[in-house]
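# Descriptive analysis of the structure
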Amino acid sequence: MRVVADQLEHDEASGELLGISFNAAWHMTKGPSAKARRVLAALLRIGWSVKRQCGSHKVPARAGWPDLVFASRDGEEIGPRMLARLAKRSGLRPEDL
């Protein structure tokens, strides 16, 4: 029970419970990993575009967001921790995949 309580977010001003943190939600709903090609396709669907590419390093850009460095080949698996980091920096949600 303590683990679940640690993953809950509270509104600092009102102390109201907001729900489970994004990282916890990602791990619980999405599963262990996704192919890099699926993740990049999802980023493109939600408004990102590839600004430049050098080898396997792609730099997606979107207005109002800092550029990302996406350094994975298409067939590689991206694990849950990296997916959570990408999601936090890009607005990607589990249902976008």
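Residues numbered from 1 in each chain as written. Predicted model: local features only at pLDDT ≥ 70, side-chain atom pairs only at ≥ 80, totals over all residues. Heavy atoms only, no water.

### Some words on the environment of Arg 62
How we decide: By definition, any uninterrupted DSSP run of H or I lasting at least four residues is a helix, any uninterrupted run of E lasting at least two residues is a strand, and each is numbered from the N terminus. For every residue, the accessible area obtained with a 1.4 Å probe (protein chains only) is divided by the maximum for its type, and the residue is called buried under 20%, exposed over 50%, and partly exposed between those limits. Residue contacts are defined here by distance: any two heavy atoms, one from each residue, within 4.5 Å place the two residues in contact.
Relative to the elements of secondary structure, Arg 62 occurs in the loop between β5 (57-61) and β6 (70-71). Residue class for Arg 62 comes out partly exposed when judged on its relative accessible area of 28%. Note: C-alpha distance between Arg 62 and Leu 44 (18 residues apart in sequence) is 9.6 Å. Ignoring any residue separated from it by four or fewer positions in sequence, one finds Arg 62 in contact with Ile 46, Gly 47, Trp 48 and Ser 90.

### Details of the nonpolar core
The line we're drawing: Buried Ala, Val, Leu, Ile, Met, Phe, Trp, Tyr and Cys residues that are joined via side-chain atoms within 4.5 Å together make up what is termed a nonpolar core.
The biggest cluster of nonpolar side chains holds 16 residues, and the ones touching the most others in it are Val 39, Leu 43, Phe 70, Ile 78, Leu 86, Leu 92 and Leu 97. Looking at this core, the elements with two or more residues in it are α3 (36-45) and α4 (80-90). Broken down by element, the residue count for this core peaks at five residues, all from α3. Non-local contacts of Leu 43, meaning those with residues more than four positions away in its chain, are made with Trp 48, Leu 68, Phe 70, Ser 90 and Leu 92.

### Quick word on the sheet that holds β6
Basically, it comes down to this: For two strands to be treated as a pair, DSSP must find no fewer than two bridges joining them.
An order of β4-β5-β6 is seen for the three strands of this open sheet, with the pairing classed as antiparallel. For this open sheet the edge positions go to β4 (49-54) and β6, each flanked by a neighbour on one side alone. Two elements, β4 and β5, share five bridges in a ladder whose sense is antiparallel. Note that in β5 the partner of Cys 54 across the bridge is His 57.

Geometry only, nothing functional implied.
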